[in-house]
Amino acid sequence: MEATQSDEIDLLELVVKGKRFIVTNLRTISLSILAGIFAAVILYYSLPKSYESKMILQSDILTESYSDRITESLDNLIKEGNLKTLSTRLNLSEPEASQVSKIEIESIKQGTDQANEEASIFIVTVSVNNGTIIPKLQSGIIQYLQGNEFVKIRVKQRQEYYKAMIDKVGDEISRSPRRADSSSVIRVASSCTLASTA
């Protein structure tokens, strides 16, 4: 008869071999663990800290494609290290602008909200190396978006549209048979001021 090999593993023998390996290599294992901890501590303190902040904006003027162009423009300035232009656009000092590592504007698709059918919601994500500049950076981003030529043109077009609509309504009311009641409505409509929103 042939001798058959046993496929069974002796667990006691395996534990003894494992214990012997740990005892003989205890010094190497301990030094490896300490070196890993030491390297992690050095990396933690030597790498610059990064802070991320998100801001939600709602605009009925800013479009998704234009927000993509703004993001690309600001990211290019960051990558090129063009701190002078970046600081001017975001109303920051050059040392503060050097702390900005990423700006991203992402459009959020809305559901069927009837009240804000035209409005778009954007999430602005900013990564910086110094968390103290975040409030000033958020204000700078809002000012940059409000002062943007595209936004100014869209606000002006909207104001002209609303003014034309008010004038048209005023003409319609003045032609209506009840002139006595309509004069107060015309005064109210003509005294309305249009507020620009970004």
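For the structure, check the block above.
Residues numbered from 1 in each chain as written. Predicted model: local features only at pLDDT ≥ 70, side-chain atom pairs only at ≥ 80, totals over all residues. Heavy atoms only, no water.

Chemist: What's the story with the overall build of the protein in this structure? I'm lost.
Modeler: The secondary structure content of the protein amounts to eight helices and three strands. Ordered by position from the N terminus, the helices and strands of the protein form the series α-α-β-α-α-α-β-β-α-α-α. Burial statistics for the protein: of 198 residues in total, 22% are counted as buried. For the protein, contacts bridging at least 24 residues in sequence account for 70% of all contacts bridging at least 6. By element, 56% of the accessible surface of the protein is carried by carbon and sulfur atoms, the whole surface being about 14,700 Å². (Helix = DSSP H or I, 4+ residues; strand = E, 2+ residues; numbered from the N terminus. Buried < 20%, exposed > 50% of the residue type's maximum accessible area, 1.4 Å probe, protein only. Contact = heavy atoms within 4.5 Å. Areas by Shrake-Rupley, 256 points an atom, 1.4 Å probe, with all protein chains shown as cover.)

Chemist: In this structure, what is going on with the pattern of salt bridges? I would like to understand it.
Modeler: Two side chains of opposite charge can pair, provided their charged atoms sit close to one another. Evaluated as defined, the whole model comprises five salt bridges. For Lys-136, the salt bridge goes to Glu-96, with nearest N and O atoms at 3.1 Å. In this pair, Lys-136 is assigned in helix α6 (residues 134–146) and Glu-96 in helix α5 (residues 94–97), connecting sequence segments 40 residues apart. According to the relative accessible area criterion, Lys-136 is partly exposed, its value standing at 39%. We note a salt bridge from Lys-102 to Glu-104, for which the minimum N-O separation is 3.8 Å. Given a relative accessible area of 29%, Lys-102 falls into the partly exposed group. (Salt bridge = Lys/Arg side-chain N within 4 Å of Asp/Glu carboxyl O.)

Chemist: Quick question: what am I supposed to make of the pairing of strand β3 (residues 120–128) here?
Modeler: Remark: a regular strand shows side chains that alternate across the two faces of the sheet. As judged from the nine bridges shared by strand β1 (residues 51–59) and β3, these two strands associate in the antiparallel manner. Within β3, the position partnered with Ser-59 by the bridge is Ser-120. Inspection of the sheet shows strand β2 (residues 100–108) paired to β3 by eight bridges, in the antiparallel sense. Bridge assignment links Ile-108 to a residue of β3, and that residue is Ile-121. (Pairing = 2+ DSSP bridges.)

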